[in-house]
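Structural overview
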Amino acid sequence: MQREIVLAELYENECTKEDDDNFHRADTNPDAKKYPWPVLLKRFIKISIPMISSLLLSTVLDQINVLFIGQIGSTQQLAAVGLGNLMMYLLYSALIYAITGSLETFASHAAGRGDVRECGLYMHRCMLIVTIAFIPITFALLNTETILVGIGMNAEVSKIAHTYVVIHIPGLYMQALFSSFEAVFSVINYAYIVLIINVVMLPFHFLFLYLFVVHYSMEISGCAYSFNISMTIALLTCLIFAS
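Below is a summary of the structure that appears in this document. In this convention, every chain numbers its residues from 1, walking through the sequence in written order. Under the rules for a predicted model, residues below a pLDDT of 70 receive no local features and side-chain atom pairs below 80 are neither given nor counted, while totals for whole chains, interfaces and linings still include all residues. Note that the side-chain values use all heavy atoms of the structure and ignore hydrogens as well as water.

The next subject is the overall build of the chain. Each helix and strand counted, the chain has 8 helices and 0 strands in total. The N-to-C order of helical and strand elements in the chain reads α-α-α-α-α-α-α-α. For the exposure calls, accessible area comes from a 1.4 Å probe over protein chains only, and a residue counts as buried if that area is under 20% of its type's maximum, exposed if over 50%, partly exposed in between. Buried residues in the chain amount to 36% of all 243 residues. Should any heavy atoms of two residues lie within 4.5 Å, those residues are counted as being in contact. In the chain, 75% of the contacts between residues at least 6 apart in sequence involve partners at least 24 apart. The helix and strand labels rest on DSSP assignments: H or I over at least four residues marks a helix, E over at least two residues marks a strand, and numbering proceeds from the N terminus.

What follows is the structure, given as structure tokens:
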């Protein structure tokens, strides 16, 4: 017992000495003043603008769905889109975005150390966690109609919203994996790739919505199928860039 206490004290003293030495080197190292604040501000803007733009564009897809369904003139389907999006935000986005948000923390530390390989390892672990978490999420989404009727929503609208949400499930999984790529690309200074993918995906989503919703008259189901195809294309494009 006495030996363990002595070893612990020696380890603590050694760590303290090493920390003091590192602090002194950082304080006297001329490289610490290598980047003045205008350069740091420029780097910050260069990284943040693509990330902010990508986040804004990712929220536009749902609004485009509302726009197309609104043109049909069915108030029930328009209400179902709103309820379906709400259910997906509550049962899917809240958990998945928390998981991918933690990936940004770990991956940014690895990127700061210059270890891109470790960033990839964190991303694959995140994808595994997302896949496991998606199992209970899927069961919850499959009970959308039951949940909505249980909280007093209109039965017919709840049934339409259930169809809308269930068809969305494959696309939601693709979106979760895409978010993992997005987080890692952002921390290794490739955020512009995600921005380009989102910008290119937007007109394709418009095209798919026109084909399914307007041309083939699939109405609310067409919105969900369009989302699935758009997110699949986005994920495949990320895989091509990553390879």
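From this point on, the discussion continues.
To continue, consider the side chain of S179. With respect to the element layout, S179 can be found in helix α6 (residues 155-187). Not counting residues up to four positions away in its chain, the partners in contact with S179 are Y97 and T100.

Moving on to the pattern of salt bridges. Here, a salt bridge means any Lys or Arg side-chain nitrogen found within 4 Å of an Asp or Glu carboxyl oxygen. The full count for this structure, using the stated rule, is 1 salt bridge. With a shortest N-O distance of 2.8 Å, R113 and E118 are connected by a salt bridge.

We define a nonpolar core as any set of buried Ala, Val, Leu, Ile, Met, Phe, Trp, Tyr and Cys residues linked to one another through side-chain atoms lying within 4.5 Å. Residues Y92, L103, Y164, L172, F178, F181 and I220 are the most contacted members of the largest nonpolar core, which totals 55 residues. Those elements that place two or more of their residues in this core are α2 (37-72), α3 (75-112), α4 (116-141), α6, α7 (191-215) and α8 (219-242). By residue number, the principal contributor to this core is α6, which donates 14 residues.

Aromatic pairing here means that ring centres of Phe, Tyr or Trp (its six-membered ring) are within 6.5 Å. Orientation follows from the plane angle: under 30 degrees is stacked, over 60 is edge-to-face, and everything else is tilted. As enumerated under the stated definition, the model contains 7 aromatic pairs in all. Considering the side-chain rings of F106 and Y122, the 5.5 Å spacing of their centres and the 35° angle between planes classify their relative orientation as tilted. You can see F106 sitting in helix α3 and its partner Y122 sitting in helix α4, a full 16 residues away along the chain. Take F106: its relative accessible area is 46%, and that puts it in the partly exposed class. Classification of Y122 by relative accessible area gives buried; the value is 18%. A ring pair is formed by Y190 and Y192, whose centres lie 6.0 Å apart and whose planes are at 40°; its orientation type is tilted. Residue classification places Y190 among the partly exposed residues on the basis of a relative accessible area of 37%. We classify Y192 as partly exposed; its relative accessible area is 44%. Pairwise contacts between aromatic rings join Y92, F134 and Y173 into one cluster.

What follows covers α4. Given a helix with a known number of residues, its expected span is that number minus one, times 1.5 Å. In this model α4 runs 35 Å from its N-terminal to its C-terminal C-alpha over 26 residues, within 8% of the 38 Å that 1.5 Å per residue would give. Bend angle per residue: angle between axes fitted to the 7 residues ending at that residue and the 7 residues starting there. Of all the bends in α4, the greatest reaches close to 30° and is centred on I135; the proline P136 follows between one and four positions later. Residues of α4 that are buried: E118, C119, Y122, M123, C126, M127, V130, A133, F134, I137 and L141. Buried residues along α4 sit in contact with α3, α5 (144-150) and α6. The definition of a polar contact used here is a pair of N or O atoms within 3.5 Å, where within protein one atom must be able to donate a hydrogen and the other to accept one, and adjacent residues in sequence count solely through side-chain atom pairs. The N-terminus of α4 is capped by D115, whose side-chain oxygen sits 3.4 Å from the backbone nitrogen of R117.

Looking now at unusual backbone geometry. One can expect most non-glycine residues to show negative phi and most peptide bonds to be in trans. In this model, N189 sits at a positive phi of 70°, which is unusual for a non-glycine residue. Here N189 is to be found in the loop between α6 and α7. A relative accessible area of 46% places N189 in the partly exposed class. One non-glycine residue, S217, lies in the positive phi region at around 55°. Here S217 lies in the loop between α7 and α8. Residue classification places S217 among the exposed positions, given a relative accessible area of 51%.

What follows concerns the side chain of T100. Looking at where T100 falls in the secondary structure, it is placed in helix α3. Here T100 falls in the buried class, since its relative accessible area comes to 6%. Once residues within four sequence positions are removed from consideration, T100 is found in contact with C126, A176, S179, S180 and A183.

By themselves, these are just geometric observations and shouldn't be taken as functional.
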